[in-house]
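Coordinate analysis (summary)
Spelled out from the first residue to the last, the chains are:
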Amino acid sequence: MTSAGQMPEVFAQRPKRADARRNYDALVVAARDAFAENGAAASLEDVARRAGVGIGTLYRNFPTRRHLFEAVYVEEVRALSNSAADLAELPPWDALVAWLHRFVAYVATKRALAEQLLHDSEIFASCRTEIYAAGEPLMRRAQAAGVVRDDIGFDDVVRLISGLTMAQFPGPEQRDRVLGVALDGLRATAR
């Protein structure tokens, strides 16, 4: 996983004082929820209200909408990346599948944020690196155990799963079924 130093402009703005850090964290959570519900056009006043702070506190922490997008995006990537360590005790296939399910949920809810960030931005590139650093070892471990095909790379899987998340599903049940079909294609078979 990458260190916070690779995303300095986002992590440097995180407050040091406990009360200010609580406000910052509450704003990030509120923004995540508001963006998930209303897309990138969610009202910043609504974000502040959900966080239980004034609009001035929001702007003190996030001078622009883009700063808020970046903070939410980075925090979500960090949570996804950290979840890989939580899966280390599972068998290789189960760990990879569980992480990919988390990745699908992450991608599905972050579409609005990703559209607002330039895909060639430093933040986006750092987040992509962090995602690969978390997921690639899970895949390599599954390949070493002989449960995942060895003729594919992690980038192939990311593209497959990312493409799957672009589809509109009537509900999570169908999305999970389609993901299951895609995951079956990753399984190693006797040749």
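Everything numeric in this text was worked out from a predicted model, so none of it was measured.

Points about the overall build of the chain
- Helix and strand counts for the chain stand at nine helices and zero strands.
- Going residue by residue from the N terminus, the α and β elements of the chain occur as α-α-α-α-α-α-α-α-α.
- The long-range fraction of contacts in the chain, counting pairs at least 24 apart against all pairs at least 6 apart in sequence, stands at 69%.
- A total accessible area of about 9700 Å² is found for the chain, and carbon and sulfur atoms account for 53% of it.

Thoughts on the packing of helix 8 (residues 154-166) against helix 9 (residues 172-184)
- Relative orientation of the contacting elements helix 8 and helix 9 amounts to 155°, with a least axis distance of 11 Å. Relative to helix 9, the element helix 8 lies roughly antiparallel. As for the relative orientation of helix 8 and helix 9, their crossing is right-handed in sense. Mapping the contact onto sequence places L160, I161 and L164 in helix 8 and R175, V178, L179 and A182 in helix 9.
- Class assignment of the residues belonging to the contact of helix 8 with helix 9 gives a composition of six nonpolar, no polar and one charged.

Section: the side chain of N61
- By the element assignment, N61 lies in helix 4 (residues 55-61).
- Separated by 2.9 Å, the side chain of N61 and the backbone oxygen of T57 make a polar contact.

Here's the deal with the environment of A41
- If you trace the backbone, A41 turns up in the loop between helix 2 (18-38) and helix 3 (44-51).
- Judged by relative accessible area, which is 68%, A41 ranks as exposed.
- With 24 residues separating them along the chain, A41 and R65 place their C-alpha atoms 9.6 Å apart.

Considering the pattern of salt bridges
- In this structure the tally under the stated criterion is 13 salt bridges.
- In this structure, R128 and D155 form a salt bridge, with 3.2 Å as the shortest nitrogen-oxygen distance. Remark: D155 occurs in helix 8 and R128 occurs in helix 7 (residues 122-144); sequence separation between them is 27 residues.
- The class of R128 is partly exposed, set by a relative accessible area of 40%.

Rules of the game
- Residues numbered from 1 in each chain as written.
- Predicted model: local features only at pLDDT ≥ 70, side-chain atom pairs only at ≥ 80, totals over all residues.
- Heavy atoms only, no water.
- Helix = DSSP H or I, 4+ residues; strand = E, 2+ residues; numbered from the N terminus.
- Contact = heavy atoms within 4.5 Å.
- Areas by Shrake-Rupley, 256 points an atom, 1.4 Å probe, with all protein chains shown as cover.
- Axes fitted to C-alpha atoms, helices over the stretch in contact; angles between N-to-C directions.
- Parallel < 35°, antiparallel > 145°, perpendicular 65-115°, else oblique.
- Left-handed = near helix turned anticlockwise from the far one by under 90°.
- Nonpolar A, V, L, I, M, F, W, Y, C, P; charged D, E, K, R; others polar.
- Polar contact = N/O pair within 3.5 Å; in protein donor to acceptor, adjacent residues only side chain to side chain.
- Buried < 20%, exposed > 50% of the residue type's maximum accessible area, 1.4 Å probe, protein only.
- Salt bridge = Lys/Arg side-chain N within 4 Å of Asp/Glu carboxyl O.

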